[in-house]
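Understanding the architecture of this molecule
Listed below, chain by chain, are the residues.
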Amino acid sequence: MDADLDFRPLAVSLRSGPLTAGKLLLPLSLAASVIAACNGDAPIIVTGETSGSTSGSTSEGPTTTAATTTGPGSTSTSSSGGESTGTTSSGGSETSSGDPSTSTGEDFCPEGTLLCVAGDAASCDGRGGYVVVDECAEVCVDGACLLCFPNDNFCDDDGNHAWCAPDGMSAKVIEACDPVQGMVCANGECTGECSSAIGGEGCDFYPTVTANIVSPKFSFAVAIANKGDVEATLQIDRGGETLLSGTVAPMSVELVKLPWVDELKGDVDGVSARVLGGAYRLRTDRRVAVYQYSSLENTIGEASSRSSDATQLYPRSRWSTSYRVASSNTWRSANAIYHPGFYAVTAAEDQTVVELHPSATGGVVRAGGGVGFDGTGTITLDRGDVLQVLSGGSGPNPVAADLTGTLVSADKAVQVIGGHMCAAIPDNVAGCDHLEAVMPAVTDLLNTSYVTAPLDHLGESLRPQRVRIIAVSDNTQLSYDPPIDGVPETIAVAGDYIEIEATKADFAVYGSPVLIAQYLLGQGFVGGAGDPSMTIVSGGDAFEGYDFLVHAPADFESSFVNIITYTDQTVLVDGVVVDGFSPVGESGLSVARVALSNEGSGDHYIEASSAAINVYGYGQYTSYRFGSPYGVEIIPW
């Protein structure tokens, strides 16, 4: 448990009955009288004097009498000349001769010894008696009244999972057992399906609008995919206000359009900002997958969005405290308007402290919201707040300012989305397009092997892509399968990156853990449809036993899914077995690209025993793309 936790008193009721908390040092024959005596008002004194007569004792010398009790079931014992004789009290309890020490006072605890009696704090008088010194409102431990049992996990009065401080005098809520997510507290922990996440599926998400020049007539939207066999309840809030309640049927996808958050959507002249309550909160009572689209539509009437992308959101239970950013450099349009890259940090707990550590290219930003012109800053966020940092820079293309490689750290778990308001890739090619992708935490980047796969291009040829390999630690060592001429194999400093400008090759990357981003090149570079989009290379548990229920907006001109899986595995898309897998070097993995039908709802079901996917679609001067969640297990190679 973190030693820096902020403990605050909680109202708890943990009293568990007589003689269960602490060390009871009195003889068992005294327990009944002490418990009975403790039922009155404090202080209560139980002495070593006998309150009833004894029998069976003959003595010519001094007689020592141990503490006695009277009443039903009580026993008195006396000794004479070193002998002890048991007598039966009025309650009929019978004792037998025991060790003579039981009659000499040797079992009496020393005077001043603290202990717990009937849940209250007591002190021994050294003669078999006890004084109740404090009536404990909650629990007694080792003769002291405490709020809770030290280092104990318990359910507090509000039904949340709490943890008791080592001194037992304060406690901290570890997890709120959210009834909206169908969770209850039992045996000191939150229980229910939503108490854990599987891959990218969970019950608590924070959809977040990011910088995008798209017309507001197009929709910011989320798709909630429930591949389970039970209906899921749904609630979406923002700023403490419930905006929507509903359900998601089994094996279906529910599309929800949400209002743009203007302060985050921004404009080309915007600055970095902290937006209070800027994020939505989406909760369900069953595990679901959630995708966000910015924007959802390709066209509305005669108008084309021309600035779209998408990403799969990670449930809050998979958030962490340290991230490297993937973005793209500030882009200068032909009319000298600068379009920034960004990263957006969303908090789920009050008083979350975020620290920014710019990379070698990330030290030029548009200051604001507590962020300096050099890209540094320490900013405090509350639940639902969003800090969006925009890259700065000036001059002709390529503008050097690029947030890629920046380290974002926080004292509580946060979500980080990297991207661009409207990026041109390459810089000298029209037009620009929105980029966004949820970043995996540094602690998730455990893989040492990755596969990148370029996109299908309307079934005609593969689309060239830019690949950035970002180091998350110093002295990163890499190799490629098949080998790639002229590409460096070492990155000396964490946050720096290798860039492969335009490749159509499927290839594997081996070596140190890295963050790999893939970017679609612009329509002006290759012709046809589709402008830049961005995704993070999936890995790890995305290759475990996994099926995917996804939504590909049907009004895009065409949509596809790339499937990466172990060679000879069987994969089905909408019930049809996938053919045409191509091996990736000697990696043991293969790639297939499958066109998705635009007929029907746009929902598609991908069945795979082990796979990672990339879903993408093309429109005129726009595209969208999202990948399966980044995993935490190492792929065996």
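Scroll up a little and you will see the structure.
Anyway, here's the lowdown on the structure attached to this text. Quantities reported herein were computed from a predicted structural model and do not represent experimental measurements.

Side note on the overall build of the protein chain
A tally of helices and strands in the protein chain yields three helices and 52 strands. Within the span of the protein chain, comprising 637 residues, buried residues form 54% of the whole. The long-range share in the protein chain, meaning contacts at least 24 apart out of those at least 6 apart in sequence, stands at 71%. As presented, the protein chain carries roughly 25,000 Å² of accessible surface, and 50% of it is formed by carbon and sulfur atoms.

Quick notes on the sheet that holds strand 40 (residues 497–503)
Strand order in this open sheet of four strands is 40-37-42-43, and the pairing throughout is antiparallel. Only two strands of the sheet have a single neighbouring strand rather than two, namely strand 40 and strand 43 (534–536). Strand-to-strand twist across the sheet, computed as the mean angle between neighbouring axes with direction ignored, equals 20 degrees.

A look at the packing of aromatic side chains
Here the structure, examined in full by the defined rule, presents 11 aromatic pairs. Relative to W260, the ring of F220 lies with its centre 5.8 Å away and its plane at 50 degrees, an arrangement referred to as tilted. You can see F220 sitting in strand 15 (residues 220–226) and its partner W260 sitting in the loop between strand 18 (252–258) and helix 2 (262–265), a full 40 residues away along the chain. With respect to burial, F220 and W260 carry one shared label: buried. Ring geometry for Y293 versus F626: centroids 6.2 Å apart, planes at 90 degrees, classification edge-to-face.

Considering the side chain of S295
Along the chain, S295 turns up in the loop between strand 20 (281–294) and strand 21 (299–300). Judged by relative accessible area, which is 2%, S295 ranks as buried. A distance of 3.3 Å separates the side chain of S295 from the backbone oxygen of E297, its partner in a polar contact. Here the side chain of S295 touches S308 through a polar contact of 3.1 Å, side chain to side chain. Apart from residues no more than four positions distant in its own chain, S295 is found in contact with N212, V214, F218, S219, W260, S305, S307, S308 and D309.

Quick notes on the pattern of salt bridges
Counted according to the given criterion, the structure contains 17 salt bridges. For the salt bridge of K257 with E297, the shortest nitrogen-to-oxygen distance reads 3.4 Å. One end of the pair, K257, is in strand 18; the other, E297, is in the loop between strand 20 and strand 21, and 40 residues separate them in sequence. By relative accessible area, which is 54% here, K257 ends up exposed. E297 gets classed as buried once you look at its relative accessible area, which sits at 10%.

Topic: unusual backbone geometry
The residue after I425, namely P426, is reached through a cis peptide bond having omega -5 degrees. The residue P426 is located in the loop between strand 32 (407–423) and strand 33 (433–438) in this model. A cis amide bond, omega -5 degrees, links D481 with the succeeding residue P482. Structurally, P482 can be placed in the loop between strand 38 (476–481) and strand 39 (490–491). Unlike most non-glycine residues, A118 shows phi in positive territory, near 55 degrees. A relative accessible area of 12% places A118 in the buried class. The phi dihedral of A336 falls on the positive side, at around 65 degrees, and the residue is not glycine. Looking at the secondary structure, you find A336 in the loop between strand 25 (331–332) and strand 26 (338–339). The exposure class of A336 is partly exposed, given its relative accessible area of 38%.

Comments concerning the state of the cysteines
Every disulfide links exactly two cysteines, by a covalent bond between their sulfur atoms. For the coordinates displayed, the defined rule picks out eight disulfides. The residue that forms a disulfide with C177 is C190, at a sulfur-sulfur distance of 2.0 Å. Between C177 and C190 the disulfide shows an S-S torsion of about -90 degrees. By sign, it is left-handed. Taken together, the residues C177 in the loop between strand 11 (171–175) and strand 12 (184–186) and C190 in strand 13 (residues 189–191) connect sequence positions 13 residues apart. Of the two residues examined, C177 and C190, each falls in the buried class.

Regarding the sheet that holds strand 48 (residues 582–583)
The five strands are arranged 48-49-45-51-52 in an open sheet whose pairing can be described as antiparallel. Each of the sheet's edge strands pairs with one partner strand only, and the pair in question is strand 48 and strand 52 (622–627). Judged from the eight bridges that link them, strand 45 (residues 558–566) and strand 49 (residues 589–596) form a sheet pairing that is antiparallel. Along strand 49, the bridge assignment pairs N562 with R593.

Calculation notes
- Residues numbered from 1 in each chain as written.
- Predicted model: local features only at pLDDT ≥ 70, side-chain atom pairs only at ≥ 80, totals over all residues.
- Heavy atoms only, no water.
- Helix = DSSP H or I, 4+ residues; strand = E, 2+ residues; numbered from the N terminus.
- Buried < 20%, exposed > 50% of the residue type's maximum accessible area, 1.4 Å probe, protein only.
- Contact = heavy atoms within 4.5 Å.
- Areas by Shrake-Rupley, 256 points an atom, 1.4 Å probe, with all protein chains shown as cover.
- Pairing = 2+ DSSP bridges.
- Axes fitted to C-alpha atoms, helices over the stretch in contact; angles between N-to-C directions.
- Phe/Tyr/Trp six-rings, centres within 6.5 Å; stacked < 30°, edge-to-face > 60°.
- Polar contact = N/O pair within 3.5 Å; in protein donor to acceptor, adjacent residues only side chain to side chain.
- Salt bridge = Lys/Arg side-chain N within 4 Å of Asp/Glu carboxyl O.
- Disulfide = S-S within 2.5 Å.

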